[in-house]
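Fold and geometry: a report
Listed below are the residues making up each chain.
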Amino acid sequence: MENYQVTERHACRLLGQWRGTQRYEGIGRADEDALTQAIIALASEYGRYGYRRITVKLREAGWQVGTDRVQRIWQREGLKVPQKQRPRGRLWLNDGSCVRLRPEHANHVWSYDFVSGMTHDGRTLRLLVLIDEYTRECLAIRVARRLGSNEVIETLGDVMLWRGIPEHIRSDNGPEFVAKELRKWLRQVGTGTLYIEPGSPWENGYCESFNGKLRDECLNGEIFYSLKEAQVVIEHWRVEYNTRRPHSALGYRPPAPAACEIGGEKGCGKDAPMKTESRFSSTLGNPANDAGFPLSHSLGDGSSSSSVDRACETAADQAETLM
C-alpha cells in the first residue's frame, strides 16, 4: 500500500479482501516449537508416513492435536513422503532378529575384513584389518602370505589383551570368519558375531571405508620387495592413521590422538624428533616401544628405526639383484 500510495480501505476493496483479515495477527501457541520438533522427529523415524499417520502417532504420545494443525506445520517445514526410497540391507543377529546395530561406545562393535596386495615378484599378500567402529581406530593390520582362522584368533587375542573384549564383531561370510573354531572362541570370550548379508559389502561400511583409505594412501603408492618390508611400512601407516591423520567424521581429529601424549617427548606431536625419513611422517620405529602404547604385531627387535632401515636396505639389495 505504501508503494502505490493507496489507503488500506481502497486496497482491500480492489482485492476483495476483508479489512479484518488484513489486520489479523496470528497468536503463536506456547507448544508450537515442541510440537514442530516432535513432528520432525517422527517424520525422520517413520519416513513413509504422511501427516495423517504422524497425527495418530502424536496422539499416542499424548499430544492433543488435530490433523489440520499437523498439516499446517508439515507444509511449513517442507516435509513430504518421497516418491521413491532406496532399499537398505539389514544385519541379522544369531537369534534371527533383524536390526541395524550401530556402535554407541568404544569396544561396542569391532569389524574386520581382508585386503589383498602383492609384492614386487607378483606373490600375494593378505592383510587382516581390524577396526573399532565407534572410535574409527585401526586396532591391527596383520600382513602375511596366508591367513586362516587360527591367525584371525591369534590377532584378535593379541588386541583384546590390551584393548579389552568387544561386545560384537562384524564381518562378511568369508570362510575364515565363519569357521567353527573362531565362532566357538568368540562365544567363549563373550563376543557376539554380526554377519552381513552375502554380496552386501556396504553393510560393513566402516571397514570398507577404511580399506579404501588403506589402498589409496598406502598400498597403491608403495612397491614391496619383501614381506618384511610390507609389514614395516603398513604398520607405520597404521600408526600414522591412528595418531596424526585427520578424520573427517571425527571433526578432523585423529582416531587416537591421546596416544601421542603417552610417549612424552617421544610422542607423535609436531615437536617430536624425527628418527627416520619415510613417506609417512610417523616418528615410530618399533611403535610399541617408541610411542609408549601397545600396538599389536609391532615389528623389529626394539630399536627405534633400525628395523625400517634394514627393511629399506634389504629392498634395495633385492632391487639391484633383480636388475
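Up top is the structure these notes are about.
To keep things clear, this report deals only with the structure shown in the data block. Quick caveat: nothing in here was measured; it's all calculated off a predicted structure. (Residues numbered from 1 in each chain as written. Predicted model: local features only at pLDDT ≥ 70, side-chain atom pairs only at ≥ 80, totals over all residues. Heavy atoms only, no water.)

1. Considering the pattern of salt bridges
- For the coordinates displayed, the defined rule picks out 15 salt bridges.
- Across the pair Arg19 and Glu8 runs a salt bridge, and its minimum N-O distance is 3.8 Å. Residue Arg19 is found in helix α2 (residues 19–23), and its partner Glu8 is found in helix α1 (residues 8–15); the two are separated by 11 residues along the sequence.
- Exposure remark for Glu8: the relative accessible area of 22% places this residue in the partly exposed category.
- In this structure, Glu32 engages Arg76 in a salt bridge whose closest nitrogen and oxygen atoms are separated by 3.1 Å. Taken as a pair, Glu32 in helix α3 (residues 32–45) and Arg76 in helix α5 (residues 67–76) lie far apart in primary sequence, 44 residues in all.
- Exposure remark for Glu32: the relative accessible area of 12% places this residue in the buried category. (Salt bridge = Lys/Arg side-chain N within 4 Å of Asp/Glu carboxyl O. Helix = DSSP H or I, 4+ residues; strand = E, 2+ residues; numbered from the N terminus. Buried < 20%, exposed > 50% of the residue type's maximum accessible area, 1.4 Å probe, protein only.)

2. Regarding the environment of Phe177
- Structurally, Phe177 can be placed in the loop between β6 (168–171) and α7 (180–189).
- In sequence terms Phe177 and Gly148 are 29 residues apart; their C-alpha atoms lie 8.8 Å from each other.
- Excluding anything up to four places from it in sequence, Phe177 contacts Tyr112, Asp113, Phe114, Leu128, Val152, Ser171, Asp172, Leu182, Arg183 and Tyr195. (Contact = heavy atoms within 4.5 Å.)

3. Describing the nonpolar core
- Ranked by size, the top nonpolar core spans 21 residues in total, and within it Tyr112, Leu130, Val152, Leu156, Phe177, Leu182 and Leu186 carry the most contacts.
- Counting residues per element, the ones that place at least two in this core are β3 (109–118), β4 (124–132), β5 (138–144), α6 (149–163) and α7.
- Counting residues per element, this core draws most heavily on α6, which supplies five residues.
- Among residues more than four places away in sequence, those in contact with Val152 are Tyr112, Phe114, Leu128, Glu176, Phe177 and Leu182.
- In terms of nonpolar packing, the next biggest core, distinct from the first, is built from 19 residues, Val115, Leu125, Cys138 and Phe224 among them. (Core = buried A, V, L, I, M, F, W, Y, C linked by side-chain atoms within 4.5 Å.)

4. Focus on α5
- When we look at burial in α5, the residues that qualify are Arg69, Val70, Ile73 and Trp74. Buried residues in α5, looked at end-on, bunch into an arc of 135 degrees, giving them a common side. Of the residues in α5, the exposed ones pointing more than 90 degrees away from the buried face are Asp68 and Gln75.
- Looking at the buried positions of α5, the neighbouring elements they touch are α3 and α4 (51–60).
- A positive backbone phi angle near 70 degrees is found at Gly78, which sits one or two residues after α5. (Arc of directions from axis to C-beta.)

5. Some thoughts on the pairing of β6
- As judged from the three bridges shared by β3 and β6, these two strands associate in the parallel manner. Looking across to β6, one finds that Ser111 is bridged to Arg170.
- Strand direction decides the pairing type here: β6 and strand β7 (residues 192–195), joined by four bridges, are parallel. Bridge pairing links Ser171 to Tyr195 in β7.
- Where the polypeptide runs from β6 across α7 and back to β7, its parallel neighbour, the crossover connection is right-handed. (Pairing = 2+ DSSP bridges. Right-handed = clockwise from strand over helix to strand, strands pointing away.)

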